[in-house]
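These are the residues of each chain, in order.
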Amino acid sequence: MSETKKRDSNELLNILMILIGIAFVLKGIMEFLAWSEIYVPSWLEDPDLSDALSIFGGQGIISLILGFWCLVSGIGMFREEEYAMGMGLVVLSIMAAVGVTAMIGWFSAPGTFDAGYWPNYIIILATVVGIVGFFWLLFTYKRYD
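This report concerns the structure included in the present document. Since this is a predicted model, take the numbers as computed values, not measurements.

Moving on: a nonpolar patch on the surface. Taken together, the side chains of V100, I104, V128, I131, V132, F135, L138 and F139 present a nonpolar region at the surface, about 750 Å² in accessible area. Listing elements by their share of the nonpolar patch, those giving two or more residues are α3 (82-108) and α4 (119-139). Counting residues per element, the nonpolar patch draws most heavily on α4, at six residues. Given a relative accessible area of 68%, F139 falls into the exposed group.

Helix length check: helix α1 (residues 11-35), at 25 residues, gives a terminal C-alpha distance of 36 Å against a target of 36 Å (1.5 Å per residue), a fit within 8%. Among all positions in α1, only L13, N14, M17, I18, I20, G21, F24, K27, G28, E31 and A34 are buried. Between a side-chain oxygen at the N-terminus of α1 and the backbone nitrogen of L12 the separation is 3.3 Å; the capping residue is N10. Immediately downstream of α1, the backbone of E37 shows phi near 60°, a positive value.

What follows is about α4. With 21 residues, α4 should cover 30 Å at 1.5 Å per step; its first-to-last C-alpha distance of 30 Å lies within 8% of that length. Those residues of α4 hidden inside the fold are in contact with α1, α2 (60-78) and α3.

M17, F24, V91 and M95 are the most contacted members of the largest nonpolar core, which has 18 residues in total. With seven residues, the single largest contributor to this core is α3. Once you skip the residues sitting within four places of it in the chain, F24 turns out to touch S63, L64, L66, G67, M95, I122 and A126.

Turning to empty space enclosed by the protein, a few remarks are in order. Within this structure, the stated rule accounts for one cavity of 30 Å³ or more. Within this model, the largest cavity holds a volume of roughly 40 Å³. Considering the residues around the largest cavity, the lining is formed by F24, L66, M95, V98, G99, I123, A126 and T127. Secondary structure elements with two or more residues in the lining of the largest cavity: α3 and α4. Per-class residue counts for the lining of the largest cavity are six nonpolar, two polar and no charged.

By the element assignment, T127 lies in helix α4. Its relative accessible area of 3% is what places T127 among the buried residues. Aside from chain neighbours lying at most four places away, what touches T127 is M95, A96, G99, V100 and M103.

Calculation criteria
- Residues numbered from 1 in each chain as written.
- Predicted model: local features only at pLDDT ≥ 70, side-chain atom pairs only at ≥ 80, totals over all residues.
- Heavy atoms only, no water.
- Patch = residues over 30% accessible without salt bridge, like charges linked within 9 Å, V, L, I, M, F, W, Y side chains within 5 Å.
- Areas by Shrake-Rupley, 256 points an atom, 1.4 Å probe, with all protein chains shown as cover.
- Salt bridge = Lys/Arg side-chain N within 4 Å of Asp/Glu carboxyl O.
- Helix = DSSP H or I, 4+ residues; strand = E, 2+ residues; numbered from the N terminus.
- Buried < 20%, exposed > 50% of the residue type's maximum accessible area, 1.4 Å probe, protein only.
- Expected span 1.5 Å × (residues − 1).
- Polar contact = N/O pair within 3.5 Å; in protein donor to acceptor, adjacent residues only side chain to side chain.
- Contact = heavy atoms within 4.5 Å.
- Core = buried A, V, L, I, M, F, W, Y, C linked by side-chain atoms within 4.5 Å.
- 1 Å grid on protein atoms, 1.4 Å probe; cavity = no way out; pocket = protein on both sides within 12 Å on 5 of 7 lines; lining within 4 Å.
- Points joined across faces, edges and corners; volume = space filled by probe spheres on them.
- Nonpolar A, V, L, I, M, F, W, Y, C, P; charged D, E, K, R; others polar.

Keep in mind these numbers describe shape, not what the thing actually does.
Right, here's the structure in full:
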């Protein structure tokens, strides 16, 4: 009889990566639509957020790319594909780095954090998932061999 590899994927991390990926893609699409002046959501109408409308100064393209690869990695990790672990490490480390950088900015200039700006909560959640998920994958890497 042939041995079958037992699948032991961490469903919570996979689901969180897929949900965060979807959130980043939606955030990126909204910022791209605002930049192109097709549709400006109410949370980007504030004149103080004009830098967010710049496709190069804001996070629109980064959000789209990060969200897409987060989705691909989360789906691949459900199947415990070898590529998904490496991709997951890269995506989680980028999420952690982007989030830590944003949080350092918020702590150094407390007035820059807007509690009513919902994309900030995506960044906070992505930072926590990025840090915890990165170390989780490092400690459980053998399942993807």
